[in-house]
Amino acid sequence: MHETITNRANPMIDPALHIWGWEIPVYLFLGGLAAGLMILSAMLARRDGAPLSRWARRLPFAAPALLSLGMLALFLDLEHPAHVFRFYLAFRPASPMSWGAWILVAIYPASLLYGLALLTDEEWAPAARAAGPFEKFRAFAVAKTGALAWINAVLGIALGAYTGVLLGNLGARAAWNSPVLAPLFLVSGFSTGAALAMLLPLSPSEKHLLRRWDLAAIGVEAALLGLFLVGLSTGGAATREAAALFLGGAFTAPFFVFVVIAGLGVPFVLEAVEWRKKLAPTLFAPALLLAGGLALRWVLVAAGQA
Amino acid sequence: MKNGVRYAMTMDTKRCVGCSACVLACKAENGLPLDGYRDWIVEETRGKFPNLTMEIRSERCNHCEHPACVAACPTGASHVAEGGTVLVEKSKCTGCKACIAACPYNARYVHPKGYVDKCTFCLHRVKRGQQPACVEICPTKALTFGDMNDPDGDVARLLRSRQSKVSKPETGLKPRLYF
């Protein structure tokens, strides 16, 4: 027998272990999406061949929009929202959250300028009359399109990876304490970003390209998920207990049903079949991928606090 | 830091009866909210009936040598103050809870006013030459507080002469609450 009684650290009396609610997985999902779209829009523009379609040119604007929603969720999670400015009065190199706060503000100018650079002159014309001094920003962006594409790709990778580092370096939470989370969240962000882009009316050739990239990303993501579980289940007592949450414990059903099967397996098979039979991409696989990306973060954030 | 003042606490599990006076003294001294505790009692029973052993511990923030909470804090609100004491600067705390997630000892909680609160080793009392409230009230003298770097101090003397352990040494954070 081994019984421990305490007036603290008991979720029934004092729910201190569960500190992050719905806001955090929602932010991690939207941040991953924004990261994926930033990388993808840079990759699409850098590829050889046909010029970008109308919606592909507008893709860079999706990142700040999604990020703003995600940051709203983060803001709602703060216990003292009036002190939010404190994130920008300090830079703490040991704190992934501090890195994240600064990456987030860097993304706004980078993605907005890149979006301006990709607009054609005709698309810009109606805005140009009202833009006045902003005309200079567009001229600058157009001149630096290539550099902006690279900056967007690098910031996208930073954003996608830091969300995993944020959870992964918390030694006190066994289910999160894995270096695999950073590449896992990055690849998942890339895959969900591709899925969201495939829901837009892009050109057929762009959609085919996205589907090919997405198939590769899903494969890598599945391998990383496997590594994540292997890493947990071969670690110390606490991490093995955390692995058991996904392999027979409380989170087994949601993890395998929503993340592994519906979120990765089914869309992978659908996309692969569409690709082999040369069918146009449908909306079903992307929708499943997006739901799976959210489920992955939801299950992980909850399991780390169980 | 090696030769400076390093506050630490020892907790004699053989003396502790689990009366919770330390918990209540802390609550009163620091005006804690209804659901807030900076220290707490753990009763741990091991063995097989009727051969049972019980250990009672009064636990609180370990004021670690390498505090994970301070590393995780994005604003610098969590910091290391005088004597290695880990404190939270209320005016800098956004309530993001990264420190709570980082602490393996679950020593922190969210104050209803929106900042993260924790044990301060009663630094305000210590600066006046008094003992922390929990130490002062303990009726069985199970708690001892002081500078562990002072070879003639009570803490250093106890650590020299008795066997001691810390909670979760595998974290590598070097906790400064000895049992």
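The residue numbers shown here count from 1 along each chain, following its written sequence. All chains are assigned letters beginning at A, and all ligands numbers beginning at 1, according to the order in which they are written. Totals for whole chains, interfaces and linings use all residues, but because this is a predicted model, local features are given only for residues with pLDDT of at least 70 and pairs of side-chain atoms are given and counted only at 80 or more. As a rule here, side-chain values come from all non-hydrogen atoms in the structure, and water together with hydrogens is ignored.

Turning our attention to the overall build of chain B. Secondary structure assignment for chain B yields six helices and nine strands. Using C-alpha atoms as the atom set, the radius of gyration is obtained and then compared with a globule rule of 2.2 Å times the number of residues to the power 0.38. In terms of C-alpha radius of gyration, chain B reaches 16 Å, essentially the compact-globule figure of 16 Å for 179 residues. Considered along the principal axes of its C-alpha atoms, chain B spans approximately 50 × 40 × 35 Å. When a residue's accessible area, from a 1.4 Å probe over protein chains only, is under 20% of the maximum for its type it is buried; when over 50% it is exposed; and in between it is partly exposed. For chain B, the proportion of its 179 residues judged to be buried stands at 59%. Secondary structure elements follow DSSP: runs of H or I no shorter than four residues count as helices, runs of E no shorter than two count as strands, and numbering proceeds from the N terminus.

All names here are of chain B. Only protein atoms enter the 1 Å grid used here. Points where a 1.4 Å probe fits but cannot escape make up a cavity, open sets with protein on both sides within 12 Å along at least five of seven lines make up a pocket, and a residue lines them when an atom lies within 4 Å of a point. Grid points are joined across faces, edges and corners, and a volume is the space filled by probe spheres set on the points. The calculated volume of the second largest pocket comes to roughly 590 Å³. The wall of the second largest pocket is formed by 24 residues, among which T10, D12, A142, L158 and R162 lie closest to the centre. For the lining of the second largest pocket, the secondary structure elements donating two or more residues are strand 1 (7-11), helix 5 (133-137), strand 8 (143-147) and helix 6 (154-161). Tallying contributions element by element places helix 6 first for the lining of the second largest pocket, with four residues. Three classes are used, and their members are as follows: Ala, Val, Leu, Ile, Met, Phe, Trp, Tyr, Cys and Pro are nonpolar, Asp, Glu, Lys and Arg are charged, and the others, Gly among them, are polar. Split by residue class, the lining of the second largest pocket holds 10 nonpolar, six polar and eight charged.

To continue, consider the interface of chain A and chain B. Often, the extent of an interface is quoted as the loss of accessible area on bringing the components together. Contact criterion: two residues are considered in contact whenever any of their non-hydrogen atoms come within 4.5 Å of each other. Opposite the 31 residues of chain A that make contact, chain B presents 39 residues. When two components associate, each loses some accessible surface as probed by a 1.4 Å sphere; the sum of these losses over both components is called the buried area. Interface area, chain A with chain B, both sides summed: about 3000 Å², of which 55% is carbon and sulfur. Think of a salt bridge as a Lys or Arg side-chain nitrogen and an Asp or Glu carboxyl oxygen that are within 4 Å of each other. Applying the counting criterion to the chain A and chain B interface returns two salt bridges. For E79 of chain A, the salt bridge is made with K97 of chain B, and the minimal N-O distance between the two is 2.9 Å. Distance and chemistry together define a polar contact, namely a pair of N or O atoms within 3.5 Å, with one atom able to donate a hydrogen and the other to accept it when in protein, and with adjacent residues in sequence counting only for side-chain atoms on both sides. Where chain A meets chain B, there are 13 residue pairs in polar contact (both at pLDDT 80 or more). No other element matches the five residues that strand 1 (residues 2-6) of chain A contributes to the side of chain A that touches chain B.

This part covers the pattern of salt bridges. Here the structure, examined in full by the defined rule, presents 21 salt bridges over all chains. The salt bridge partner of R211 of chain A is E274 of chain A, with a shortest N-O separation of 3.6 Å. Of this pair, R211 of chain A sits in helix 8 (residues 204-233) while E274 of chain A sits in helix 10 (residues 252-276); the two residues are 63 residues apart in sequence, bridging distant segments of the chain. By relative accessible area, E274 of chain A is classed as buried at 6%. Note that E82 of chain B is salt-bridged to K127 of chain B, the shortest N-O span being 3.8 Å. Taken together, the positions of E82 of chain B in the loop between strand 4 (78-80) and strand 5 (86-88) and K127 of chain B in the loop between helix 4 (123-126) and helix 5 put the pair 45 residues apart, joining distant regions of the chain.

The subject of this paragraph is the confidence of the model for chain A. How sure the predictor is of each residue is captured by pLDDT, a score from 0 to 100. Taken as a whole, chain A shows an average pLDDT of 89; of its residues, 94% reach a score of 70 or greater. Here strand 1 of chain A stands out as the element of chain A with the lowest mean pLDDT, 68, in contrast to helix 7 (residues 181-198) of chain A, whose mean of 95 is the highest.

Packed helices, taken two at a time, are described by their axes: the angle between them and the distance between them. All names here are of chain A. Put simply, helix 3 (residues 96-118) and helix 6 (residues 145-168) touch, their axes get as near as 9 Å, and they point 150° apart. On the basis of their axis angle, the class for helix 3 and helix 6 is roughly antiparallel. Of the two possible hands of crossing, helix 3 and helix 6 adopt the one that is left-handed. Here the contact of helix 3 with helix 6 is built from residues that sort into 20 nonpolar, four polar and no charged. All axes here are fitted lines through C-alpha atoms, helices being fitted over the stretch that makes contact, and every angle between N-to-C directions spans 0 to 180 degrees. For classification purposes, angles smaller than 35 degrees are called roughly parallel, those larger than 145 roughly antiparallel, those between 65 and 115 roughly perpendicular, and all remaining angles oblique. In this scheme the crossing of two helices becomes right-handed for a clockwise turn of the near helix relative to the far one and left-handed for an anticlockwise turn of less than a right angle.

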